[in-house]
Amino acid sequence: MSTGSTRPVLDVRGLRVEYRGDGRSVVGADDVSFTIGAGEIFGLAGESGCGKSTVANAVMRLLKPPAEITAGSVTFGDRDVLAMDARELRAFRWREIAMVFQSAMNSLNPVLTIGEQIGDVLTTHDKLGKRAARERAAELLALVGIAPDRLKAYPHQLSGGMRQRVVIAMAVALKPTLLIMDEPTTALDVVVQQEIMAQIRELQRALGFSVLFITHDMSLMVELSDRMGVMYGGRLVEVAGAEELFARPLHPYTEALMNAFPPLTGPRRELTGLFDAPRTPDSCGFHAHCPDDRRDCSTRIPDLREITPGRWAALTPAGGTTP
Ligand SMILES: Nc1ncnc2c1ncn2[C@@H]1O[C@H](COP(=O)(O)OP(=O)(O)O)[C@@H](O)[C@H]1O
Ligand SMILES: [Mg+2]
């Protein structure tokens, strides 16, 4: 866990991303601030469309027009990520921050073996010789629980779960400081999801990198994350230690999302359809559904503020603000 005394690995401050076109602008992320410490697993949760991928892509500098970062900063160690030029970015991506996408397992090259593809990463970026690359590829596969004889396999000969493990092995091949995983298991069945989550945890312990882990599934998140943030409508509504957040959510939306994804061992409740409310620039879209009617969020969106040490929530003070 980050203590606040050492510099975080990643520091995102007041990030705003707009998608512009046809004279309209959709705000994909707004006023997003969080840090990730060395070796920390930070989870970003929220339903589809809340801005999780927008944040990840901004950090990785993968946003393309019509997306535009219109405010805020992204600092990696002591480096200003938003100021990096193309050459700096080439050296930065994969080596410093690597990313695994939801559909990554389908992006493996069908005509190359697994060994050739992992080897390519190592010979291209790490200037390893062929033999050393082969040995290292076998080590990497072992780290994600795949036997070395699978180096000779082609992607279609592996299950979806195995292919996703291969992609994870490739992502950590250059020993990145931060691994971003955007819904890495969403396309897989529940059992395989669980296995891969356990593998990620093990890998993180072995290699010590930090993780930004993104999912819409709160039950997966709590098993993995040290700290987490919950997004709604492009904004963070709560940031806290994962266990504390689960034990006692401060924001009504966090609670609603938790109820939608109870622990896998617990009873499954139905989605209540709370989450499709429209958002306006100056009211919280969740307001109409919010069970907490003491809070006046129909005329303003509350800022994220520290409620108790280490616990942040976007709440208007209870009572007293309604004219
Ligand atoms: N290329 C795009 N053009 C216009 N709007 C976009 C684009 N990509 C994302 N958005 C909008 O930005 C918001 C956040 O999207 P996204 O970051 O993909 O959410 P999530 O990853 O949480 O599902 C959504 O309202 C989405 O419609
Ligand atoms: Mg997404």
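Our structure is the block above this text.
Asker: Would you mind going over the sheet that holds strand E4 (residues 67-76) in detail, with residue names and values included?
Answerer: Sheet architecture is open: 4 strands sit in the order E2-E1-E4-E5, paired in antiparallel fashion. Edge strands, defined here as strands with exactly one partner in the open sheet, are strand E2 (24-36) and strand E5 (79-80). Here helix H1 (residues 52-59) sits on the sheet in contact with strand E1 (10-21), E2 and E4, set at roughly 110 degrees to E1.

Asker: Summarise the site of ligand 1; cite the residues concerned and give the values.
Answerer: The local shell around ligand 1 consists of Tyr19, Gly28, Glu47, Ser48, Gly49, Cys50, Gly51, Lys52, Ser53 and Thr54. Residue Ser53 places a side-chain N or O atom 2.9 Å away from an oxygen atom belonging to ligand 1. A distance of 2.5 Å is found between an oxygen atom of ligand 1 and a side-chain nitrogen or oxygen belonging to Thr54. Its free accessible area being 560 Å², ligand 1 has 62% of it covered by the protein chains.

Asker: How would you explain the packing of aromatic side chains if you had to name every residue and give the values?
Answerer: Tallied over the full model, the rule gives 5 aromatic pairs. For the pair Phe34 and Phe42, a centre-to-centre distance of 4.9 Å together with 0 degrees between the ring planes defines the contact as stacked. For Phe34, a relative accessible area of 4% corresponds to the buried category. Taken together, a centroid distance of 4.5 Å and an interplanar angle of 50 degrees make the contact between Tyr232 and Tyr253 tilted. Of this pair, Tyr232 sits in strand E9 (residues 227-232) while Tyr253 is found in helix H9 (residues 252-260), placing the two residues 21 residues apart along the sequence. Each member of the pair, Tyr232 together with Tyr253, is buried.

Asker: Talk me through the environment of Gln117; I want residue IDs and the actual numbers.
Answerer: Structurally, Gln117 can be placed in helix H3 (residues 114-126). A sequence separation of 37 residues divides Gln117 from Tyr154, and the C-alpha atoms of the two residues are 9.8 Å apart. If we skip the residues at most four places from it in the chain, Gln117 touches Leu108, Asn109, Leu112, Pro155 and Met170. A distance of 2.9 Å separates the side chain of Gln117 from the backbone oxygen of Leu112, its partner in a polar contact.

Asker: Lay out the layout of surface pockets in plain terms, naming residues and giving numbers.
Answerer: Any space left empty among the atoms is revealed by the rolling of a water-sized probe across them. The computed volume of the second largest pocket comes to approximately 360 Å³. For the second largest pocket, the lining is made up of 16 residues, of which Trp94, Val121, Val167, Met170 and Ala171 are closest to its centre. The dominant element in the lining of the second largest pocket, judged by the number of residues it contributes, is H3, at 5 residues. Residues that form the lining of the second largest pocket fall into these classes: 10 nonpolar, 5 polar and 1 charged.

Asker: Would you mind going over the sheet that holds strand E12 (residues 311-314) in detail, with residue names and values included?
Answerer: Pairing within the open sheet is mixed, and its 8 strands lie in the order E6-E7-E8-E3-E9-E10-E12-E11. The open sheet terminates on both sides in strands that have one partner only, identified here as strand E6 (97-100) and strand E11 (304-308). Direction aside, the axes of adjacent strands within the sheet are offset by 20 degrees on average. On top of the sheet, H9 reaches strand E3 (41-45), E9 and strand E10 (235-241); it is set at about 100 degrees to E9, its chief contact.

Asker: Which residues make up the pattern of salt bridges, and what values do they have?
Answerer: Enumeration over the complete set of coordinates arrives at 12 salt bridges. We note a salt bridge from Arg16 to Asp30, for which the minimum N-O separation is 3.0 Å. Of the two residues, Arg16 sits in strand E1 while Asp30 sits in strand E2, which places them 14 residues apart along the sequence. Classification of Arg16 by relative accessible area gives partly exposed; the value is 24%. The closest approach of N and O atoms between Arg165 and Glu195, which form a salt bridge, is 3.6 Å. Pair noted here: Arg165 is in helix H5 (residues 160-171) and Glu195 is in helix H6 (residues 190-207), with a separation of 30 residues, a long-range link.

Asker: Help me get a handle on the environment of Ser48, residues and values and all.
Answerer: Positionally, Ser48 belongs in the loop between E3 and H1. Judged by relative accessible area, which is 69%, Ser48 ranks as exposed. Along the primary structure Ser48 and Gly233 are separated by 185 residues, whereas in three dimensions their C-alpha atoms are 9.8 Å apart.

Asker: Tell me about the side chain of Ser210, and name the residues and values.
Answerer: Position of Ser210 relative to the elements: it lies in strand E8 (residues 210-215). On the accessibility criterion, Ser210 (1% relative accessible area) is buried. Engagement of the side chain of Ser210 in a polar contact is seen with the backbone oxygen of Gly37, the distance being 2.9 Å. Dropping the residues within four chain positions of it, Ser210 is found in contact with Val9, Ile36, Gly37, Ala38, Gly39, Glu40, Thr177, Leu178 and Leu179.

Asker: An account of H9 is requested, with residue identities and associated values reported.
Answerer: Most of H9 sits inside the fold, with 7 of its 9 residues counted as buried. If you check which residues of H9 are buried, you get Pro252, Tyr253, Thr254, Ala256, Leu257, Met258 and Ala260.

What counts, and at which threshold
- Residues numbered from 1 in each chain as written.
- Chains lettered and ligands numbered in written order.
- Predicted model: local features only at pLDDT ≥ 70, side-chain atom pairs only at ≥ 80, totals over all residues.
- Heavy atoms only, no water.
- Pairing = 2+ DSSP bridges.
- Helix = DSSP H or I, 4+ residues; strand = E, 2+ residues; numbered from the N terminus.
- Contact = heavy atoms within 4.5 Å.
- Axes fitted to C-alpha atoms, helices over the stretch in contact; angles between N-to-C directions.
- Near = heavy atom within 4 Å.
- Polar contact = N/O pair within 3.5 Å; in protein donor to acceptor, adjacent residues only side chain to side chain.
- Areas by Shrake-Rupley, 256 points an atom, 1.4 Å probe, with all protein chains shown as cover.
- Phe/Tyr/Trp six-rings, centres within 6.5 Å; stacked < 30°, edge-to-face > 60°.
- Buried < 20%, exposed > 50% of the residue type's maximum accessible area, 1.4 Å probe, protein only.
- 1 Å grid on protein atoms, 1.4 Å probe; cavity = no way out; pocket = protein on both sides within 12 Å on 5 of 7 lines; lining within 4 Å.
- Points joined across faces, edges and corners; volume = space filled by probe spheres on them.
- Nonpolar A, V, L, I, M, F, W, Y, C, P; charged D, E, K, R; others polar.
- Salt bridge = Lys/Arg side-chain N within 4 Å of Asp/Glu carboxyl O.

Worth remembering: the numbers are spatial, not functional.
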